Amino acid sequence: MSKKRVLFATSEVSPYMATGGMGQVVAALPQALVSAYASRYDVAIVCPLYEPVKRRYSGELTFLGATTAKLAWRDQYVGVYSATRDGVMYYFVDNLQYFGRERAYGYFDDGERFAFFCKAVFSVIEFTGFHPDVIHAHDWQSALVPLYLRTRFADKYSGIRSVLTIHNLEYQGQFAPHTLSDVFDLYESERSLVDWNGCVNLLKGAIVTCDRLTTVSPSYAQEIREYGGHGLEPILRENAYKLTGIINGIDTELYDPATDKALYRNYSADSPSEKFSNKRKLRDMFGLRQNPQTPVICVVSRLVAHKGIDLITQIAEDLAEMDLQFVLLGTGDHYFETYFRAWAAEHPGKVGINISYSTETASLIFAGSDITLMPSLSEPCGLTQMISCRYGTIPIVRETGGLKDTIRDCRLGDGNGFLFPHYNAAELLYTIRKALELYSAPDTWSKLTQEAMRSDFSWKSSADAYAAIYEELL
Ligand code: GLC
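Residues numbered from 1 in each chain as written. Predicted model: local features only at pLDDT ≥ 70, side-chain atom pairs only at ≥ 80, totals over all residues. Heavy atoms only, no water.

**Some details on the overall build of the chain**
Moving on, step 1. Per the secondary structure count, the chain includes 20 helices and 18 strands.
Moving on, step 2. For 474 residues, the compact-globule estimate of 2.2 N^0.38 gives 23 Å, and the chain sits close to it at 23 Å.
Moving on, step 3. When the backbone C-alpha atoms are referred to their principal axes, the chain occupies close to 65 × 45 × 40 Å.
Moving on, step 4. Counting the 474 residues in the chain, one finds 59% classified as buried.
Moving on, step 5. Partitioning the contacts of the chain with sequence separation of at least 6, the portion at a separation of at least 24 is 71%.
Moving on, step 6. Across the chain, the centroid of the 46 positively charged side chains sits 2 Å from that of the 56 negatively charged ones. (Helix = DSSP H or I, 4+ residues; strand = E, 2+ residues; numbered from the N terminus. Rg over C-alpha atoms; globule rule 2.2 N^0.38 Å. Buried < 20%, exposed > 50% of the residue type's maximum accessible area, 1.4 Å probe, protein only. Contact = heavy atoms within 4.5 Å. Lys, Arg positive; Asp, Glu negative; His and termini not counted. Charge placed at Lys NZ, Arg CZ, Asp CG, Glu CD.)

**What about the domain arrangement of the chain?**
Moving on, step 1. Domain parsing of the chain yields domain 1 (4-249 + 460-473) and domain 2 (275-453).
Moving on, step 2. The interface is formed by 16 residues belonging to domain 1 together with 13 residues belonging to domain 2.
Moving on, step 3. Where domain 1 abuts domain 2, roughly 1,100 Å² becomes buried across the two surfaces, and 54% of that area is made up of carbon and sulfur atoms.
Moving on, step 4. Its largest share of buried area at the contact with domain 2, domain 1 owes to Ser219, Glu223 and Ile247, together 31% of the area lost on that side.
Moving on, step 5. Between the two partners, domain 1 and domain 2, sit zero salt bridges.
Moving on, step 6. Along the contact surface separating domain 1 from domain 2 lie six residue pairs in polar contact (both at pLDDT 80 or more).
Moving on, step 7. When residues of the side of domain 1 that touches domain 2 are traced back to their parent elements, those giving at least two are helix H1 (21-36) and helix H9 (218-226).
Moving on, step 8. Ranked by residues supplied to the side of domain 1 that touches domain 2, first place goes to H9 with four residues.
Moving on, step 9. Its residues assigned to classes, the side of domain 1 that touches domain 2 shows six nonpolar, eight polar and two charged. (Domains from an automatic or database assignment. Buried area = accessible area lost by both parts, 1.4 Å probe. Salt bridge = Lys/Arg side-chain N within 4 Å of Asp/Glu carboxyl O. Polar contact = N/O pair within 3.5 Å; in protein donor to acceptor, adjacent residues only side chain to side chain. Nonpolar A, V, L, I, M, F, W, Y, C, P; charged D, E, K, R; others polar.)

**Section: the environment of alanine 115**
Moving on, step 1. Assignment of secondary structure puts alanine 115 in helix H4 (residues 110-128).
Moving on, step 2. Accessibility expressed as a relative area gives 0% for alanine 115, which makes it buried.
Moving on, step 3. Expressed as a C-alpha distance, the spacing of alanine 115 and aspartate 185, which sit 70 residues apart in the sequence, is 8.3 Å.

**Concerning the site of the ligand**
Moving on, step 1. All residues adjacent to the ligand are Gly21, Met22, Val25, His167, Asn168, Val216, Asn248, Glu379, Pro380, Cys381, Gly382 and Leu383.
Moving on, step 2. Backbone polar atom of cysteine 381 to an oxygen atom of the ligand: 2.9 Å apart, as the coordinates give it.
Moving on, step 3. Backbone polar atom of glycine 382 to an oxygen atom of the ligand: 2.8 Å apart, as the coordinates give it.
Moving on, step 4. Compared with its free state, where it exposes 310 Å², the ligand has 92% of that area covered by protein.
Moving on, step 5. Along the lines of polarity and charge, the residues of the shell around the ligand split into six nonpolar, five polar and one charged.
Moving on, step 6. Each of two domains, domain 1 (4-249 + 460-473) and domain 2 (275-453), supplies a minimum of three residues to the shell around the ligand. (Near = heavy atom within 4 Å. Areas by Shrake-Rupley, 256 points an atom, 1.4 Å probe, with all protein chains shown as cover.)

**Brief notes about the sheet that holds strand E9 (residues 195-196)**
Moving on, step 1. Taken in spatial order, the three strands line up as E8-E10-E9 in an open sheet, and their pairing is antiparallel. Edge positions in the sheet fall to strand E8 (174-175) and E9, since each of these pairs with one other strand and no more.
Moving on, step 2. Where E9 and strand E10 (residues 199-201) come together, two bridges link them in antiparallel fashion. In the strand pairing of E10, aspartate 195 is matched with valine 200. (Pairing = 2+ DSSP bridges.)

**Some points on the pattern of salt bridges**
Moving on, step 1. Evaluation of the coordinates by the stated rule reveals 21 salt bridges.
Moving on, step 2. Put simply, lysine 434 and glutamate 437 hold a salt bridge, and the shortest N to O gap is 3.5 Å. Note that lysine 434 and glutamate 437 are positioned in helix H18 (residues 425-439) at a spacing of three residues, about one turn of the helix.
Moving on, step 3. Accessibility expressed as a relative area gives 25% for lysine 434, which makes it partly exposed.

**Focus on the sheet that holds strand E4 (residues 74-85)**
Moving on, step 1. One open sheet accounts for nine strands, arranged E3-E4-E5-E2-E1-E6-E7-E11-E12; its pairing is mixed. Strands at the two margins of the open sheet, each flanked by one partner only, are strand E3 (62-71) and strand E12 (243-245). This sheet shows a mean twist of 25° between the axes of neighbouring strands, independent of strand direction.
Moving on, step 2. Alignment of strand E1 (residues 4-9) against strand E6 (residues 134-138), held across four bridges, turns out to be parallel. Each residue of the ladder has a partner; that of valine 6, found in E6, is valine 134.
Moving on, step 3. Contacting E1, strand E2 (41-48), E3, E4, strand E5 (88-94) and E6, H4 crosses the sheet at an angle of about 120° to E3.
Moving on, step 4. Each of strand E11 (212-215) and E12 touches H9; the most contacted strand, E12, lies at about 135° to it. (Axes fitted to C-alpha atoms, helices over the stretch in contact; angles between N-to-C directions.)

**Some thoughts on unusual backbone geometry**
Moving on, step 1. A cis amide bond, omega 5°, links serine 14 with the succeeding residue proline 15.
Moving on, step 2. As for its position among the elements, proline 15 is in the loop between E1 and H1.
Moving on, step 3. One non-glycine residue, aspartate 185, lies in the positive phi region at around 55°.
Moving on, step 4. Residue placement: aspartate 185 occurs in the loop between helix H6 (179-182) and helix H7 (191-194).
Moving on, step 5. Residue classification places aspartate 185 among the buried residues on the basis of a relative accessible area of 11%.
Moving on, step 6. Non-glycine residue asparagine 197 carries a positive phi angle of around 50°.

**Some words on the nonpolar core**
Moving on, step 1. Ranked by size, the top nonpolar core spans 168 residues in total, and within it Leu33, Phe92, Phe326 and Ile432 carry the most contacts.
Moving on, step 2. Leaving out residues up to four positions away in the same chain, phenylalanine 326 has contacts with Leu288, Ile297, Val299, Ile312, Leu319, Trp343, Lys350, Val351, Gly352 and Leu373. (Core = buried A, V, L, I, M, F, W, Y, C linked by side-chain atoms within 4.5 Å.)

**A look at the side chain of glutamate 233**
Moving on, step 1. Among the structural elements, glutamate 233 can be located in helix H10 (residues 233-238).
Moving on, step 2. No salt bridge is formed by the buried glutamate 233; the nearest opposite charge belongs to arginine 237, separated by 6.2 Å.
Moving on, step 3. There is a polar contact of 3.2 Å between the side chain of glutamate 233 and the backbone nitrogen of glycine 231.
Moving on, step 4. Each residue touching glutamate 233, except ones within four places of it in the same chain, is listed here: Ile224, Arg225, Glu226, Tyr227 and Gly228.

Shown next as structure tokens:
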């Protein structure tokens, strides 16, 4: 049997550019696929070449040459660079006008930038000769790939099948109706594909035109059809026949307290005692008092409302009166950043805040804490709860999406965390109190951390599930 080719089209991929979980997933899944199915798949990834990637990884990149992409009336330059990592080929699309910028998103012309990227994906296929059997697109930024496969490239690439993975339905790529032809190179006769509430909605167009649709947990796949679809519920119900929820894994080699270089001291489920040294270090870093008996609760999150950060602000004063210490890492809404800075200033020695983000600091926080809070309003999958378990830090999560699919409540048997059902601050506080009761019984707590550290969050079974979808399509 000849090998099948899968091309991932994505706006971010770790370590080159990652603004959230999607970048990590899009890096890990291809690797899991080639290591489990080396004889079955060739996997390549195509991604924009942003300015910081060009700067930091210039030594790793090879310039293959240049071609063009046509986007409506524009004929645009497409420089093609490549790199290889662990058996996966990466292609980068270079174009200074669109990607010669510091950040991946947040510009007035993001719609045009990613429309260009999706067109350039086809130029890269032509230019490199990497002709895929399946193109796997991710979120709205590559949503035009399945759309173009059904429209502009319907004749030329009729054999290519498409998979769309939705990492977060909150972001749909919605634009004014007049952008249809000029910006997105779709014809008036194709408007119904993308039309939603009078706007051009790229994600909707991709949901309708892709061959298979996946999202990042079974519970989220259910929720988005019923109430969590950010307005797209009817479309998701109509297309439910091709929708599957597949839980993400995490990179268990990268997130391993036994080898993680960011830690002060390494430890493992078999020999966990050095977790305490990391806690001491963490207290120093965040200016917390060295009270060995006091539990440390952490939050490592983007500081935005749907992550449940407002629930934490609502119970902040209760937390300040309890015997615990609190550490927070993340950036986000100005309101939350200001709130937490002020809160930490009021409680020196007890509350430590770092308004920034780095994976190294995150690792040290997970290693040095006892409990992580993830009270999300919605969470398609969530990676933090899994990483936190690996480091023996017990997650308290709201029962939603991927949180529900990865965390089992320890009060109901062999669990790896705590869940609370409703989005409300009193329930969160109640669950924290329950967790702290358990924490004060060291034997029970250490059994719980053992269970959490031994949870299986590897990519293998998820890679199998994606492979099964590709096989059905081929
Ligand atoms: C998005 C989702 C998150 C998920 C990640 C990777 O960031 O918000 O829940 O884990 O994508 O799929």
